[in-house]
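Descriptive structure summary
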Amino acid sequence: MSVQHPQEVGQGHVVVRYVAGEQRYLELLGGSFLHLGEEARAAFVDSLQADSLQASDQEIRALLGYEWRARLTAAWLVGVARRVEWRERIGRLLLASELTYAGQGYCFALARFGSQDDAEILASYLDRYLPQLECRYDQGPALGALIRLDSQLGTSHAERFVSPDGLWERWVDALPHTRGTATAWADSSREAIDAWCGPWDA
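Quantities reported herein were computed from a predicted structural model and do not represent experimental measurements. (Residues numbered from 1 in each chain as written. Predicted model: local features only at pLDDT ≥ 70, side-chain atom pairs only at ≥ 80, totals over all residues. Heavy atoms only, no water.)

**Focus: the packing of helix α6 (residues 87-96) against helix α7 (residues 102-113)**
It is the contact of α6 with α7, at a shortest axis distance of 9 Å, that shows an interaxial angle of 140 degrees. One element, α6, and the other, α7, form an angle in the oblique class. Crossing angle aside, the handedness with which α6 passes α7 is left-handed. Residues R87, I90, L93 and L94 of α6 form the contact with α7, whose participating residues are G103, Y106, C107, A109, L110 and F113. Residue composition of the contact of α6 with α7, grouped by class: 8 nonpolar, 1 polar and 1 charged. (Axes fitted to C-alpha atoms, helices over the stretch in contact; angles between N-to-C directions. Helix = DSSP H or I, 4+ residues; strand = E, 2+ residues; numbered from the N terminus. Parallel < 35°, antiparallel > 145°, perpendicular 65-115°, else oblique. Left-handed = near helix turned anticlockwise from the far one by under 90°. Contact = heavy atoms within 4.5 Å. Nonpolar A, V, L, I, M, F, W, Y, C, P; charged D, E, K, R; others polar.)

Listed below in structure tokens is the structure:
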């Protein structure tokens, strides 16, 4: 895994500017900003929207090359603005699954990009990581994003994962405390992705 501090590429300001200010990354983690009061949530959404358009390619690149907080935030920035030129990089980072939590942002970005290419990236991720029953990474957000894209695109990529005794059910049932919750978990994963995307769907 290659992690490079933004200072090394002349972008030392980006963590304070986009990630740590008002602890933005914590509000993005798990879509926590959705639980803010109405006024605070609107301000958060507006600020993220503005930064998603303002952040330069060099700043985004520096964030995606750093640790999980920076990568999570960068993925949300490119997702909000649908900066699809970052699709390949986001896809590579998701498939590599190097850092905890960052994958949530990658799944959000791919859901926002909204194309067949994004669905195929998510399906590739699930093909790789659902059979690894001990790996509890970003399978939930990935499946939720894929189900959302299927609904939008009129495709059925997720069907083979969620079929009875399919990869999703086996992955969910691998832990005693989640056994028997495959359908409910798939539904809640889709609902979470929809909620994350909601402020920018209009």
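Past the structure itself, the notes keep going.
**With respect to the environment of Q7**
You can see Q7 is positioned in the segment before α1 (14-20). Q7 sits in the exposed class, given a relative accessible area of 58%. A sequence separation of 55 residues divides Q7 from A62, and the C-alpha atoms of the two residues are 8.6 Å apart. (Buried < 20%, exposed > 50% of the residue type's maximum accessible area, 1.4 Å probe, protein only.)

**Description of the side chain of D150**
One can find D150 in helix α9 (residues 139-153). Buried charge D150 goes without a salt bridge, the closest partner of opposite sign being R190 at 8.4 Å. Within the local environment of D150, its side chain forms a polar contact with the backbone nitrogen of A158, the two atoms lying 2.7 Å apart. Not counting residues up to four positions away in its chain, the partners in contact with D150 are T155, S156, H157 and A158. (Lys, Arg positive; Asp, Glu negative; His and termini not counted. Salt bridge = Lys/Arg side-chain N within 4 Å of Asp/Glu carboxyl O. Polar contact = N/O pair within 3.5 Å; in protein donor to acceptor, adjacent residues only side chain to side chain.)

**Overview of the state of the cysteines**
This structure, assessed with the given rule, holds 0 disulfides. Here C135 stays free of any disulfide, with the sulfur of C107 as its closest cysteine sulfur at 15 Å. You can see C197 has no disulfide; the closest cysteine sulfur is in C107, sitting 11 Å from it. With relative accessibility at 0%, the residue C197 sits in the buried group. (Disulfide = S-S within 2.5 Å.)

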